[in-house]
Structures are given as structure tokens and as C-alpha cells.
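# Breakdown of the fold
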Amino acid sequence: QVQLVASGGGSVQAGGSLRLSCAASGRTFSTYAMGWFRQAPGKEREFVAAISWGGISTYYADSVKGRFTISRDNAKNTVYLQMNSLKPEDTAVYSCALSPVVGGPPRVASGYAYWGQGTQVTVSS
């Protein structure tokens, strides 16, 4: 069993930046893929980004590609989501998740078994 704690959310103006962090504990961290998801009011939870256990493979939703960067520091048991050029449509609760699936990092919520408490990101125009 693992525990994930997300932090770093806040309120920013359009064009601003935020860096989200997700600290993991309770299980070997570096052997698992990690992902970020978000859910905006009135919308379904959607995939944002994912990273493989070794950090070599990364995937992004088209809506954030070129603006967001996912990374991980296995020595610190932490995964990050650097968010630049934020837009109002990025407003959502962002959650990190851990996947036990062997292979490439999943890009759907069903591929993740452990979830952290979400952190709110609000972008104003």
C-alpha cells in the first residue's frame, strides 16, 4: 500500500505558472509509473500526463502538450508537474496517481491503483 500527497496548487492569472508535487511513501517508488489527472467542475476526470518508472517515457494530453512537464525524482520519492502558460480552462482539482501496470505508463484512470488527495488549481483570465 502506498500513500500519495499532492501539493502546490493555488490561484494564478492566465499565463502564470505553478509546480505541483506528489510525495509517495509506503512502497518502492521507482518501480512504478506515475500520472497526473484533473477534474474540472461539471466535467469528467481527464488524463493530464504520465511518466514511466525510469522517467524515460512521458505522455501528455493534447490540451497541455508543450505547456506542462512531468518529471520525477526517485531519490525523493516525488513526482512533479510543472505547469506553464496556464489557461482558465486548466482550472481543476489535480490528482497524482500510481500505476502497478507493467509496461508503458497508462493514460486512463483505470490503470492507476493509488491516488493522492487532489490539489486545487484556479486560473483567472
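To be clear, the structure that these remarks concern was listed above.
Quick notes on the rules
- Residues numbered from 1 in each chain as written.
- Predicted model: local features only at pLDDT ≥ 70, side-chain atom pairs only at ≥ 80, totals over all residues.
- Heavy atoms only, no water.
- Buried < 20%, exposed > 50% of the residue type's maximum accessible area, 1.4 Å probe, protein only.
- Helix = DSSP H or I, 4+ residues; strand = E, 2+ residues; numbered from the N terminus.
- Pairing = 2+ DSSP bridges.
- Axes fitted to C-alpha atoms, helices over the stretch in contact; angles between N-to-C directions.

Turning our attention to the pairing of strand β8 (residues 78-83). Within β8, 5 of the 6 residues are buried, which leaves it mostly tucked inside the rest of the structure. Direction of pairing for strand β3 (residues 18-25) relative to β8: antiparallel, over a ladder of 6 bridges. Residue pairing for β8: A23 is matched across the bridge by T78. Across 6 bridges, strand β7 (residues 68-73) lies against β8 in antiparallel orientation. Of the residues in β8, the one forming a bridge with F68 is M83. In this structure, the hairpin formed by β7 and β8 is closed by a connection of 4 residues, where N77 is found at a positive phi of approximately 55°.

The strand order across the open sheet built from 4 strands is β1-β3-β8-β7, with neighbouring strands paired in antiparallel fashion. Here the strands that pair on one side only, and so sit at the sheet edges, are β1 (3-7) and β7. On average, adjacent strands in this sheet sit at an angle of 15° to one another, irrespective of strand direction.

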